[in-house]
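# Results of the structural survey
Next come the chains, spelled out residue by residue.
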Amino acid sequence: MSGQGSGLILRLYMAVFFVYMFLPLGIMVAAGFNAYSPPSVTVWQGFTLQWFGELWADQRMWSGLRNSLIIAGAVIALALPMGLAGALLLGRLGARAAGLLYTVMVSPLLTPGIILGISTVIFWRNFEVAGGLFTAILAQTTFVASYAMLMFMARLQRQDATLEEAARDLGATPLQAFRRITLPFLRPTIVTAAVIAFLQSFENYNTTMFAIGGQHTLVTEIGSRMRFGLSPVVNVIGIFFIIATITCAVVWAILKERERCAANGVSA
Amino acid sequence: MTKLRRAFGAPLSALIVFLAGIWILGLIAAPQIIMIEQSFWTMQRPEGAAELSVKIDALYNRLDVLALDHAAAPDEAARAAVDAERDAVQTEITALEVEESTPVKTWTLSNYGQMGKAHLAIFAKTILASLAVTAIAFVVCYPIAFAIAKLEPPRRAAMIMLALVIPYAINELLRVFAWQMILNYGGPLNAALGLVGIGPVPFLESGTGVFVAMVYAYILFMVFPLYNVLETLDTNQIEAARDLGAGTIQIHRRVVLPHARPGIAVGCIMTFMLSAGSYAVPYIMTRGTADPWFTQLVYNRFFQATNWNVGAAYALSLLVVCTGFIFLMMGLLKVRLRDIAK
């Protein structure tokens, strides 16, 4: 009785919430195709692809993209080994030391991004290193390594310890056992962690903004263009980001579904 | 450490300790420590600078006298003696002037006192607004998360969450920019208000826009943690409570909310931290017309006023508030760090 009524209200509420979540994005996409500048949906001057062409010819966006890719590549190369080392270290420490170390290692995730950025710049200023790509890489690595550590830790907890022991009993050196047993076991997580690290680095604004000095990435450049919202070129970039996000979400869902099917197949 | 060596052998253990050490000490700890240190000192005129300058003035007078002596000197020997003294005085003046003008590092709390009333008000506004964003996000999202997790069939729930990943994963800047367009003078909202004869309302210039965009940008950071914990709640518990005569409010207060504690903690901590530490939202939503957010003050201390000591003090104040909020939530909801960082 009352359960039916409140269920209906909840459904309605959820529908409103979905409109609230998606309508603003729809408006932004629509303005990217409007021949009117500054970006608008209230003044419609016809469908155009003109802004796609302007984006293509925009040199600062291209240099920003290049910087973003350089930073993301370096962050992956640094954060994954560091995160893995942290996770391996945690597994072999006493409870007290591990607890303390864990707190330190997740602390970057609980620190506002601007603090990570600015503290890196302050630190390197003492060595006469000004803000730029280098400090942006280090500042991002600080927290991306935390994500990697958590992912590796979760994976390592599911590792069958007897496999490594068996390898050792059969005469493998610790290095061989690690290379032949642990590393292959971690491979799926390495891939996932690299993807997450790439996205975290590429999309980052706050930390990068405070660490990058006079340089720019694609995202910091978009930020400064948006402030004055002068040209629908930013809307076009938004369209690309939305397409990329949807693609990632769908691929991720398909992979998960396959994993689920595979698991069911084994049990059946 | 012996456990580590037994498991991985000496070379690999050394590499592990090296990599983890660089991360923990070099990237996490050292920058924070240097920032804290920097916030507690300032470069000042040396102590006794006033006395020094009196002394230097006296030496300059002596130099003038010596110049007269030089002109009035009866012979070469006397002139050489005067010249020697003049050179000595000149050297002393140079040394004292360097001492007077070289600032010395002075330990002080004054960087924290630099805020003044105006900046303190912005600091307080930023924290209160962030708390309000957090509260609104929780009130709006709790029913959503509950409805998806407990009222929808599992496969439909998974589809709904997948759909929500899209606005959640899309870059924060785009979510903010969408609202800048909506709330702008010529935007759709003012156009709609104009039809009923209201406005145009200066949403962006009044700072309302910052708040609206912030709720929109960070609200999904509340939905996902809440959904994740509510999904693990056994529906039988709710049924049992209902069979035992509990009303809807009682079920939520006694069964659902206690189960959701870790999710509430994560959601509130993330929402608050992102709001209080947000630079993008106020930067894009005000165009410099409304009062700044505290993060913008921090940015300006560093990159416009270039007073790094005061900037460090400002940044640390923000960090202390955010850390305090984490401990508050952990204490109130009785959750541990391990439940939060997953």
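Conventions adopted
Residues numbered from 1 in each chain as written. Chains lettered and ligands numbered in written order. Predicted model: local features only at pLDDT ≥ 70, side-chain atom pairs only at ≥ 80, totals over all residues. Heavy atoms only, no water. Helix = DSSP H or I, 4+ residues; strand = E, 2+ residues; numbered from the N terminus. Rg over C-alpha atoms; globule rule 2.2 N^0.38 Å. Buried < 20%, exposed > 50% of the residue type's maximum accessible area, 1.4 Å probe, protein only. Salt bridge = Lys/Arg side-chain N within 4 Å of Asp/Glu carboxyl O. Core = buried A, V, L, I, M, F, W, Y, C linked by side-chain atoms within 4.5 Å. Contact = heavy atoms within 4.5 Å. Buried area = accessible area lost by both parts, 1.4 Å probe. Polar contact = N/O pair within 3.5 Å; in protein donor to acceptor, adjacent residues only side chain to side chain. Nonpolar A, V, L, I, M, F, W, Y, C, P; charged D, E, K, R; others polar. Domains from an automatic or database assignment. Axes fitted to C-alpha atoms, helices over the stretch in contact; angles between N-to-C directions. Parallel < 35°, antiparallel > 145°, perpendicular 65-115°, else oblique. Left-handed = near helix turned anticlockwise from the far one by under 90°. pLDDT = per-residue confidence, 0-100.

## Topic: the overall build of chain B
On a plain count of helices and strands, chain B comes out with 18 helices and 2 strands. Computed over the C-alpha atoms, the radius of gyration of chain B is 32 Å, more than 25% above the 20 Å expected from 2.2 N^0.38 for a compact globule of 342 residues. With respect to the principal axes defined by its C-alpha atoms, chain B has extents near 120 × 75 × 35 Å. Relative to its full complement of 342 residues, chain B shows a buried share of 48%.

## Side note on the pattern of salt bridges
On inspection of all chains with the given rule, the structure shows 10 salt bridges over all chains. Its salt-bridge partner being B:R62, residue B:E85 comes within 2.8 Å of it at the nearest N-O pair. On the criterion of sequence distance, the pair formed by B:E85 in helix α3 (residues 76-101) and B:R62 in helix α2 (residues 49-72) is long-range, its members being 23 residues apart. The exposure class of B:E85 is partly exposed, given its relative accessible area of 32%. Note on B:R62: relative accessible area 31%, which makes it partly exposed. Linking B:R79 and B:E76 is a salt bridge whose minimum nitrogen-to-oxygen distance equals 3.3 Å. With B:R79 and B:E76 both in helix α3 and 3 residues apart, the pair spans about one turn of that helix. Exposure remark for B:E76: the relative accessible area of 59% places this residue in the exposed category. What emerges from the salt-bridge pattern is a single network uniting A:D58, A:R60, A:E221 and A:R225.

## Side note on the nonpolar core
Of all hydrophobic cores here, the largest spans 179 residues; its most connected members are A:M149, B:W23, B:M35, B:I148, B:L164 and B:M285. The contacts of B:M35, once residues within four sequence positions are left out, are A:I115, A:I118, A:S119, A:I122, B:A312, B:A315, B:L316 and B:L319. Core analysis: the second largest hydrophobic core is formed by 9 residues, B:I56, B:L59, B:L63 and B:V89 among them.

## Observations concerning the interface of chain A and chain B
Tallying the contact residues gives 89 residues for chain A and 90 residues for chain B. Of all residues in chain A, A:R92, A:L110 and A:R227 bury the most surface against chain B, accounting for 9% of the area lost on that side. Run the count over chain A and chain B and you get 2 salt bridges. Between A:E257 and B:R155 there is a salt bridge, with the nearest N and O atoms lying 3.7 Å from each other. Our count for the chain A to chain B interface comes out at 11 residue pairs in polar contact (both at pLDDT 80 or more). Considering every element that reaches the side of chain A that touches chain B, the biggest residue donor is helix α1 (residues 2-32) of chain A, with 14 residues. Grouping the constituent residues of the side of chain A that touches chain B by class yields 60 nonpolar, 20 polar and 9 charged.

## Let's talk about the domain arrangement of chain B
If you check the domain split of chain B, you get domain 1 (49-107) and domain 2 (115-340). Centre-to-centre, using C-alpha coordinates, domain 1 of chain B lies 66 Å away from domain 2 of chain B.

## Considerations on unusual backbone geometry
Of note in this structure, A:E128 is not a glycine but carries a positive phi near 65 degrees. By relative accessible area, which is 76% here, A:E128 ends up exposed. At B:K334, a residue that is not glycine, the phi angle is positive and equals roughly 55 degrees. Position of B:K334 relative to the elements: it lies in the loop between α17 (308-333) and α18 (337-340).

## Remarks on the packing of helix α6 (residues 154-169) of chain B against helix α11 (residues 220-231) of chain B
Residues and elements named next belong to chain B. Put simply, α6 and α11 touch, their axes get as near as 10 Å, and they point 150 degrees apart. With respect to their mutual orientation, α6 and α11 come out roughly antiparallel. Viewed along their axes, α6 and α11 form a crossing whose handedness is left-handed. Across the interface between the two elements, A157, A158, M161, L164, V165, P167 and Y168 of α6 pack against L220, F221, V223, F224 and Y227 of α11. For the contact of α6 with α11, the per-class residue count stands at 12 nonpolar, no polar and no charged.

## Some thoughts on the confidence of the model for chain B
One rule of thumb: low pLDDT means the predicted coordinates there are not for detailed reading. Looking at chain B as a whole, the pLDDT averages 87, with 99% of positions reaching at least 70. No element of chain B has a lower mean pLDDT than α18(B), which averages 76, and none a higher one than helix α14 (residues 261-276) of chain B, which averages 93.

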